[in-house]
Amino acid sequence: PPPSSTHIFKSKFPDIPISNHLPLHTYCFENISDLADRTCLIEGSTGKTYSYAETHLICQKTAAGLTNLGIKKGDVVMVLLQNCAEFVFTFMGASMIGAVTTTANPFYTTAEIFKQFNTSKAKLIITQSLYVDKLRDTDDNYPKLGHDFKVITVDDPPENCLHFSVLSESNETEMVHQSVSIDPNDAVALPFSSGTTGLPKGVILTHKSLVTSVAQQVDGENPNLYLKSDDVILCVLPLFHIYSLNSVLLCSLRVGAAVLLMQKFEIGSLLELIQRHRVSVAPVVPPLVLALAKNPMVAKFDLSSIRMVLSGAAPLGKELEEALRSRVPQATFAQGYGMTEAGPVLSMSAAFAKQPFPTKSGSCGTVVRNAELKVIDPETGCSLGYNLPGEICIRGTQIMKGYLNDDEATAATIDVDGWLHTGDIGYVDNDEEVFIVDRVKELIKFKGLQAYFPPTQPHSLFTPSGKHPSTQKDDTAGEVPVAFVVRSKGFELTEEGVKEFISKQV
Ligand code: AYL
């Protein structure tokens, strides 16, 4: 259809100038001189804190250390870590030398890790000693630790591995003098996502896309997501996922807030840390909302410091939303909606703004500023107006550059006019609020994370469209995959055997 017939939805917040000519680290640390002594990182498990000045310095040292290990502009570093300060030092340090971080889930199997490692052509893996055994597979098909790649551990290094201090204790002055020129269109992060179809692919996020996305959330006179330098922001969602990396870490750094790092989710220590550090902003996913809303332990802790709870990454049930509201009545509780490929945030609740708008329960927010959103009929591709559900598409500087070495998948996701097709079905109501109602892509979300099934991908993965009224969602996980296995004639097959076969791969 001609452009005139396209209905484009815009934010309620006016467009703003965005400093997306800056490299990501420069943008995030732009106000460092005013923030130097403020707390930047808090390690939940040890209570150790790093000020903004310390964090920035260690990031610079890490940048120098990466250079000393031979990492150059454009090279890829794999981070296989739970949340910890070293994650932050590596990501920002790599950015400073124009290197790219690919983030992976430490629970991945050997096969999954090396698939991502090989596809991204990573040179180095930064991990915990606990996971090193996964990287020492004897199979000839795998690259060899120490020979094909180096491993750095943040704790005591096992044989043939280096300790993180080789990075964090380097002399930063070399690096500061040997400046690399970074183009805003250079990659900085390479998360993996299956997008609308198939197996995980490398999603190229550039300095420009991430700076734009962070600015769309926290910049401007009236920021859509109002974070302040005196906020303490909970970082329990894994930083290897773009939700936490972008909306928690990068947004916090930009505004100068303190980031409370938790290695993993455990309700008791979570509540204890919220109380002890007076957490003011809690970005969560629906399974965590469930825990906070229903776990009896919650009543024993003081959660009065929380002023904002942001849920995203998966659908949030109305009943759950109400249940959590009664537990933290003082807090603004609403949603954001994102997709890795979209940079990732498409919409964010206007209830989180400095001058907020009233919002409705179940809404996923309004489209972020400096971006365009449209809803199309999945059959005809025609653009739809208010209140009509269709596929959500987004356009703007924040979206991915494309999939790594996969022009076909890129072209299937971003059309010639620059629209990224999400595979989500939703509508925009009269108050510009986005509601997601369904998904038309091959994606299963387990506890907010994407679930992959190599033995069956892509064509035999069946995701039912719509819900039968008598079906029930799994409260904790959201969606639980089910498989039917058919035994071939003449073969022996046990349940245990099938489980073992699958667990080696996923
Ligand atoms: P990926 N409601 C329903 N479904 C959602 C929502 C939501 N609020 N958010 C994400 N999804 C689904 O790449 C949707 O199907 O990124 C979407 O296409 O792992 C898919 O999850 C994308 O999954 C934020 C808030 C990031 C959320 C995110 C989500 C990143 C998830 C930053 O501030």
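Because the structure is predicted, anything quoted here is derived from the model rather than measured.

Regarding the environment of Thr380
- Structurally, Thr380 is set in the loop between β18 (372–376) and β19 (383–384).
- Under the relative-accessibility criterion, Thr380 is labelled exposed at 52%.
- One polar contact links the side chain of Thr380 to the main-chain amide nitrogen of Cys382, over a distance of 3.1 Å.

A word on the packing of helix α10 (residues 267–277) against helix α11 (residues 286–294)
- As a packed pair, α10 and α11 sit with axes 11 Å apart at the nearest point and diverge in direction by 80°. One finds that α10 runs roughly perpendicular with respect to α11. Contacts between α10 and α11 involve Ile267, Leu270 and Leu271 from the former and Leu288, Ala291 and Leu292 from the latter.
- Tallied by class, residues from the contact of α10 with α11 come to six nonpolar, no polar and no charged.

Thoughts on the side chain of Asp429
- For Asp429, the position within the fold is in the loop between β22 (420–428) and β23 (434–439).
- Since its relative accessible area comes to 8%, Asp429 is described here as buried.
- There is a polar contact of 2.9 Å between the side chain of Asp429 and the backbone nitrogen of Asp431.
- Look past the residues within four positions of Asp429 in its chain and what remains in contact with it is Lys360, Tyr386, Asn387 and Phe435.

Notes on the site of the ligand
- Close contacts around the ligand come from 21 residues, with Ser247, Thr340, Asp424, Lys441 and Lys445 the closest.
- Here a nitrogen atom of the ligand sits 3.1 Å away from a polar atom, N or O, in the main chain of Ala313.
- Gly336 is positioned such that a nitrogen or oxygen atom in its backbone is 2.9 Å from a nitrogen atom of the ligand.
- Protein burial of the ligand: of its 660 Å² of free accessible surface, 99% is covered by the chains.
- Contributing elements (two or more residues each) for the shell around the ligand: α9 (242–255), β15 (332–338) and β16 (345–348).
- With four residues, the top contributor of residues to the shell around the ligand is β15.
- In terms of residue class, the shell around the ligand is built from ten nonpolar, seven polar and four charged.

Here's the deal with the side chain of Thr103
- Along the chain, the position of Thr103 falls in strand β4 (residues 100–103).
- Reaching out from Thr103, the side chain makes a polar contact with the backbone oxygen of Phe240 at a distance of 3.0 Å.
- With near-sequence residues (within four places) excluded, Thr103 lies in contact with Val79, Phe87, Gln116, Leu190, Pro191, Leu239 and Phe240.

Notes on helix α3 (residues 52–68)
- If you check α3, its first and last C-alpha atoms are 24 Å apart, about what 17 residues at 1.5 Å a residue would give, namely 24 Å.
- In terms of burial, α3 is largely enclosed, as twelve of its 17 residues are buried.
- Among all positions of α3, only Tyr52, Thr55, His56, Ile58, Cys59, Gln60, Lys61, Thr62, Ala63, Ala64, Gly65 and Leu66 are buried.

Concerning the pairing of β4
- By the alternation rule, side chains of β4 split into Val100 and Thr102 and Thr101 and Thr103, which are all buried.
- In this sheet, β4 lies alongside strand β3 (residues 76–80) in parallel orientation, the contact comprising four bridges. Within β4, the residue paired with Val79 across the bridge is Thr103.
- Viewed along the sheet, the connection from β3 through helix α4 (residues 85–96) into β4 turns out right-handed.

Some points on the sheet that holds β18
- With respect to topology, five strands assemble into an open sheet ordered β19-β18-β20-β22-β23, the strand pairing being antiparallel. Edge positions in the sheet fall to β19 and β23, since each of these pairs with one other strand and no more.
- When β22 meets β23, the two strands line up antiparallel, connected through five bridges. Counterpart to Ile425 in the pairing with β23 is Asp438.

Some details on the packing of α3 against α4
- Taken N-terminus to C-terminus, the directions of α3 and α4 make an angle of 65°; their axes are 7 Å apart at the nearest point. In this structure, α3 crosses over α4, and the sense of that crossing is right-handed. Two secondary-structure elements touch here, α3 through Thr55, His56, Ile58, Cys59, Gln60, Thr62, Ala63 and Leu66 and α4 through Val88, Phe89, Thr90, Met92, Gly93, Ala94 and Met96.
- Here the residues of the contact of α3 with α4 sort into nine nonpolar, six polar and no charged.

Here is what the cut-offs are and how they apply
- Residues numbered from 1 in each chain as written.
- Predicted model: local features only at pLDDT ≥ 70, side-chain atom pairs only at ≥ 80, totals over all residues.
- Heavy atoms only, no water.
- Helix = DSSP H or I, 4+ residues; strand = E, 2+ residues; numbered from the N terminus.
- Buried < 20%, exposed > 50% of the residue type's maximum accessible area, 1.4 Å probe, protein only.
- Polar contact = N/O pair within 3.5 Å; in protein donor to acceptor, adjacent residues only side chain to side chain.
- Axes fitted to C-alpha atoms, helices over the stretch in contact; angles between N-to-C directions.
- Parallel < 35°, antiparallel > 145°, perpendicular 65-115°, else oblique.
- Contact = heavy atoms within 4.5 Å.
- Nonpolar A, V, L, I, M, F, W, Y, C, P; charged D, E, K, R; others polar.
- Near = heavy atom within 4 Å.
- Areas by Shrake-Rupley, 256 points an atom, 1.4 Å probe, with all protein chains shown as cover.
- Expected span 1.5 Å × (residues − 1).
- Pairing = 2+ DSSP bridges.
- Right-handed = clockwise from strand over helix to strand, strands pointing away.
- Left-handed = near helix turned anticlockwise from the far one by under 90°.

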